[in-house]
Amino acid sequence: MTSPEVSKQNEDAGPGGYAAARLLLLHEKERSGPPRRTALARLTDDWLAGLFAAAAPPRGTALVAVGGYGRSELSPRSDLDLLLLHDGTADRAAIAALADRIWYPVWDLGLALDHSVRTPAEARATAAEDLKVHLGLLDARPLAGDAGLVAALRTTVLADWRNQAPKRLPELDELCRERAERMGELQFLLEPDLKEARGGLRDAQALRAVAASWLADAPREGLDRARRRLLDTRDALHLATGRATDRLALQEQDAVAAELGLLDADTLLREVYEAARTISYATDVTWREVNRVLKARSARPRLRSLLGGRSGAGRPSGKPPIERTPLAEGVVEMDGEAVLARTAKPERDPVLPLRAAAAAAQSGLPLSPHAVRRLAATAKPLPVPWPAEAREELVTLLGAGEATVPVWEALEAEGIVTRLLPDWERVRCRPQRNPVHTWTVDRHLVETAVRAASLTRRVGRPDLLLVAALLHDIGKGWPGDHSVAGETIARDLAARVGFDRTDTATVATVVRHHLLLVETATRRDLDDPATVRAVATAVGTLGTLELLHALTEADALATGPAAWSSWRASLVADLVKRVAGVLAGEPLPDPEAAAPSAEQERLAIEALRTGEPVLALHTRDEHTADADEPAPEPVGVELVIALPDRPGVLPAVAGVLALHRLTVRAADLRAVDLPTGLGSGSVLVLDWRVAAEYGSLPEAARLRADLVRALDGSLDIPARLAEREAAYPRRRGLTAPPPRVTVAAADSRLATVIEVRAQDAPGLLHRIGRALEGAAVRVRSAHVSTLGANAVDTLYVTRPDGSLLPPEEAVDLARTLEAALG
């Protein structure tokens, strides 16, 4: 209720009084959420009713709130959705004057207004043509004037909605799907639209409309609470920004969290995701029920026609018998869903929840929400460790592929997953701030298991692969390195699930090292024996290596499109092949003894003869073993450059490549001493792996010409790159963290390893090269890894004489690089 003081101020001062009372209400810290929205709606009701009365309205007119305002859900910056309803008897000019007396004061206060003037017949006709208008009228609420006129309209509109449900609900379903395709899923977005994204307020409104049709109803458990959380968040967003926005931008999340009294932005996102997940699940269940009912209704007339319209005693009634097809013990298919059999006894069968879930996923069926609710309420807890049947059913569920996801969501909706795997609660709905990630942590784990299901033919223990995929990021709910924390949790959960000591140790090892292969392959020199031996030592066995290889691919594919490519796949496969050789007892080749290739030698001779750079471009293909397989996919371009050894080569080449929009993935640099008789002097050969950012590759002649200009100083690369960087798009309001340069503990005998982590930008490797030239160190190789906006560049450096840097010099070099990049 509005306080007497606020009401009096509203009455005494007209629009100015309403504005002051509104401001006072919005800053009352002790009143928020539903009470504040209701109070704001009542305050606005009183003001608009006063405007209506003061305008001396003709008979047969009424002012009506529709949409969100009709539901009394006014956020601080919400639009006012108003309908001026009249019975058509008054003069049109009088109705127009009445409208002006109401609309203009609203506009004068700077409030957004969505308004219309219609008769009941016009309102019905518009609703018949425009679904959104019809939805708004379902929430019509009288503010002033002829209440009977409004009541008659409400009754008629609601009757129209129910009568037209077979036509309007599919239209509404299509509208919701189109919006979801355009706006994404709220529960996975880092900057979600609280209203328009799937699982947002629009979907909650759609569920209310479905319920009003009497055709189907949404699961009620938690739905109102989820809707209130999104409304409360929108209120806080309006107050924090002072704008009418529904998009929860990154830079606003801390302020919104503080407004709601939450710990931080991550806590805010988890609560928003929880709400969105509840609404999304209810949406899936409701539309499935709507489609089932509509399908059944359309089938009845056809069936009656086939039966000749017979009914009555001893004759077919036209209603087909309900078919129940057995799926597993205690589980049957009925009406397109997996449901519990009549004989099922969850209170005596602790494996039934997993058996039902596995049977549903394997059959590609949704798990009935009624069945899940009954299982959650009555199922007997599993003993610890689990019996073999329960473990096998979990593996069967995870191995079902894409069909696993909706079944898993049904189990999560009723809390069954956290009951089976208690540590799941810490990752549930946990956001991942890295934009490379598509999903929240828990959904990413399920998606990784889905991807792993298609790779089970490649491993000897598919059960361990699927369980490790489900658990590989389980440590992200704990502080510190998630791989280290995850190893302990995975060990406990694998033992809980019933694996023996050996298998439990394998799952724990795979979780601990699930990033080892991709990080090593993209950031370390694979020709360095120390790199391969370190991986072999960590992995231990060929079986574990096999599991890690499959999990690495599944994990990357489940992360997002930027996390996996043919190039990364080829690097990981190369590393796995080398490590497998070490584990099989094969000797590693000595990189120092490797002779230059025939092409490298040819280019070196030409460079020595001309005294200028010489280069060659080649497309590299992914290896395809079987001639019947499709053509290999290009994994990048090899660029080989030879030129007489001189200072400034690395920054010059890196700068030219950046100017031509070529992304560097790896670079190997070596000095080639030509055989006697071919000339004298040292030639530097650079073997680069590059890819075009977009478009086609530049011509080799253009690259060479620019490289010559860069080396003789006529091409000002720093200035050109500075222009490019100034125009580089950056998200407003976000400041990139400072670069971090460290000396990696790589145990390499060939070089000191320096790791650079920085914001990716045009010419980053050029700037690194200039800093290294200034520090008088020689670069042996460089390995570049980019994920989203973050770059990790690993450099193998030595002193000019080829020796490793002493520890103190290496640390000084890291500090120098950090300062240069900062």
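Scroll up to find the structure this text is about.
Since we're looking at a predicted model, the values are computed, not measured.

This part takes up the sheet that holds strand β3 (residues 113–118). Spatially, β3-β2-β1-β4 is the arrangement adopted by the four strands of the open sheet, whose pairing is mixed. Of all strands in the sheet, those bounded by a partner on one side alone are β3 and β4 (141–145). Strand-to-strand twist in this sheet, taken as the mean axis angle between neighbours without regard to direction, amounts to 25°. Bridge analysis of strand β1 (residues 61–65) against strand β2 (residues 80–86) gives five bridges, and the strand direction is antiparallel. Across the sheet, the residue bridging to Leu 63 is Leu 84, located in β2. The sheet strands contacting helix α5 (residues 120–129) are β2 and β3, and the helix crosses β3 at an angle near 120°. Most of the contacts of helix α7 (residues 147–163) go to β2, to which it runs at about 105°, and overall it touches β1, β2 and β4.

Within the structure shown, the criterion is met by four aromatic pairs. The interplanar angle of 5° and the centroid separation of 4.2 Å between the aromatic rings of Tyr 18 and Trp 47 together place this pair among those described as stacked. You can see Tyr 18 sitting in helix α1 (residues 4–26) and its partner Trp 47 sitting in helix α2 (residues 34–54), a full 29 residues away along the chain. For the pair formed by Tyr 18 and Trp 47, the shared burial category is buried.

Looking at the element boundaries, Glu 252 is found in the loop between α10 (223–241) and α11 (253–259). When neighbours within four sequence positions are excluded, Glu 252 is seen to be in contact with Leu 237, Thr 241 and Arg 243.

Let us now look at the pattern of salt bridges. Here the structure, examined in full by the defined rule, presents 54 salt bridges. Of the charged contacts in the structure, one is a salt bridge between Arg 277 and Asp 442, with a shortest N-O distance of 2.5 Å. Taken together, the residues Arg 277 in helix α12 (residues 265–306) and Asp 442 in helix α18 (residues 441–453) connect sequence positions 165 residues apart. Exposure class is identical for Arg 277 and Asp 442. Each is buried. Here Glu 638 makes a salt bridge to Arg 689, at a shortest N to O gap of 3.4 Å. Linking Glu 638 in strand β9 (residues 634–644) with Arg 689 in strand β11 (residues 682–692), this pair joins segments that are 51 residues apart in sequence. Residue Glu 638 is classed as buried on the basis of its relative accessible area of 15%. Counted as one network, the salt bridges with shared partners bring together Arg 71, Glu 73, Asp 139, Arg 208 and Arg 227.

Reading the values: rules and limits
Residues numbered from 1 in each chain as written. Predicted model: local features only at pLDDT ≥ 70, side-chain atom pairs only at ≥ 80, totals over all residues. Heavy atoms only, no water. Pairing = 2+ DSSP bridges. Helix = DSSP H or I, 4+ residues; strand = E, 2+ residues; numbered from the N terminus. Axes fitted to C-alpha atoms, helices over the stretch in contact; angles between N-to-C directions. Contact = heavy atoms within 4.5 Å. Phe/Tyr/Trp six-rings, centres within 6.5 Å; stacked < 30°, edge-to-face > 60°. Buried < 20%, exposed > 50% of the residue type's maximum accessible area, 1.4 Å probe, protein only. Salt bridge = Lys/Arg side-chain N within 4 Å of Asp/Glu carboxyl O.

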